[in-house]
Amino acid sequence: MLGFLKSSILSKFVVAITGLIMVGFIVGHTLGNLLIFAGPEAINTYAVGLKDIGGVVWAMRIVLIISLILHVISTINLVRHNRAVAGNYKVTNYKASTFSARFMGYAGLTILFFIIYHLFHFTFGVTDPSDYARQYLLENGRIVHDVYTMVVLGFRNILISAFYIIAVVFLGLHLKHGFHSMFQSLGIHGKKFTPMIQKVAVAFSVIIVVSLISIPISVMLGLVGGQL
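Residues numbered from 1 in each chain as written. Predicted model: local features only at pLDDT ≥ 70, side-chain atom pairs only at ≥ 80, totals over all residues. Heavy atoms only, no water.

> Is there a simple way to explain the overall build of the chain in this structure?
Summing up its helical and strand segments, the chain has 10 helices and two strands in all. Walking the chain from its N terminus toward its C terminus, one meets helices and strands in the order α-α-α-α-α-α-α-β-β-α-α-α. Out of the 228 residues belonging to the chain, those deemed buried represent 34%. Per element, the accessible surface of the chain, about 14,000 Å² overall, is 71% carbon and sulfur. (Helix = DSSP H or I, 4+ residues; strand = E, 2+ residues; numbered from the N terminus. Buried < 20%, exposed > 50% of the residue type's maximum accessible area, 1.4 Å probe, protein only. Areas by Shrake-Rupley, 256 points an atom, 1.4 Å probe, with all protein chains shown as cover.)

> What's the story with the side chain of S218 in this structure? I'm lost.
Mapped onto the fold, S218 is located in helix α10 (residues 194–220). Relative accessible area serves as the criterion here: at 10%, S218 is assigned to the buried category. Leaving out residues up to four positions away in the same chain, S218 has contacts with F37, L223 and V224. (Contact = heavy atoms within 4.5 Å.)

> I keep staring at the environment of P195 and nothing clicks. Help me out?
Tracing the sequence through the fold places P195 in helix α10. Assessed through its relative accessible area of 38%, P195 is described here as partly exposed.

> Before we go on, may I ask you to explain the packing of aromatic side chains in this structure?
The geometry of two aromatic rings is summed up by the distance between their centres and the angle between their planes. Tallying each qualifying case throughout the model produces six aromatic pairs. Pairing F114 with Y164 gives two aromatic rings, centres 5.3 Å apart and planes at 70°, and the pair type is edge-to-face. Placement of F114 in helix α6 (residues 104–123) and of Y164 in helix α9 (residues 158–185) is noted, with a sequence separation of 50 residues between them. The buried category is assigned to F114, whose relative accessible area is 13%. Classification of Y164 by relative accessible area gives buried; the value is 5%. Ring centres 6.0 Å apart and planes at 65° place the aromatic pair F120 and F124 in the edge-to-face group. In this structure F120 comes out as partly exposed when scored by relative accessible area, which is 38%. For F124, a relative accessible area of 42% translates into the label partly exposed. Among the aromatic residues, those joined into a ring-pair cluster are F114, Y117, F122, F155, F163 and Y164. The ring of W58 has R61 sitting right over it, with the charged end atom 4.6 Å from the ring centre. (Phe/Tyr/Trp six-rings, centres within 6.5 Å; stacked < 30°, edge-to-face > 60°. Lys NZ or Arg CZ within 6 Å of the ring centre and 35° of its normal.)

Below is the structure:
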């Protein structure tokens, strides 16, 4: 049993499960962010709705944080295992590895740094406290935090938008490789399923990337928040 816990088998399983949890969050987060195209009333109503169920949101955040930590630890364990195995061979077969697979580590680190900055920027309001303090009057008369204006003003900074776009592209590479690997780790693969899973992985990654980067691009082009 102890040998199993130290093996790559458990690490693959943990990476797959935690990856699935984070994919679910990414889908929900993306759908919520896209409400910015519906205007300030829509996204600010959505944001305050999350705030009203704060206990549930924080429980989800804790699960995500734990999942992220386990995901990183298990991934590092797999990398070490793969390097140890590769060390037994004089020639490395790069043809067996894809671009996204070889750069998973770089993508993961970039995404991690981005998540930390993103939280300090949009969740805790540390980087731009004046923008974070803005308020919005909903149609029902309730005064809430103005997420719409905060996001628009944030993405008008070309450096922030560029960092966001780069991080999202890396996220897409990570999702493409991870989505496919997740099914392999769970034992769902073969001549019948693998080609289909690979196509779904590519399509899913492209949809997420295009959806997310459309926000800063639209802000910089003045298509969103042009009235501010």
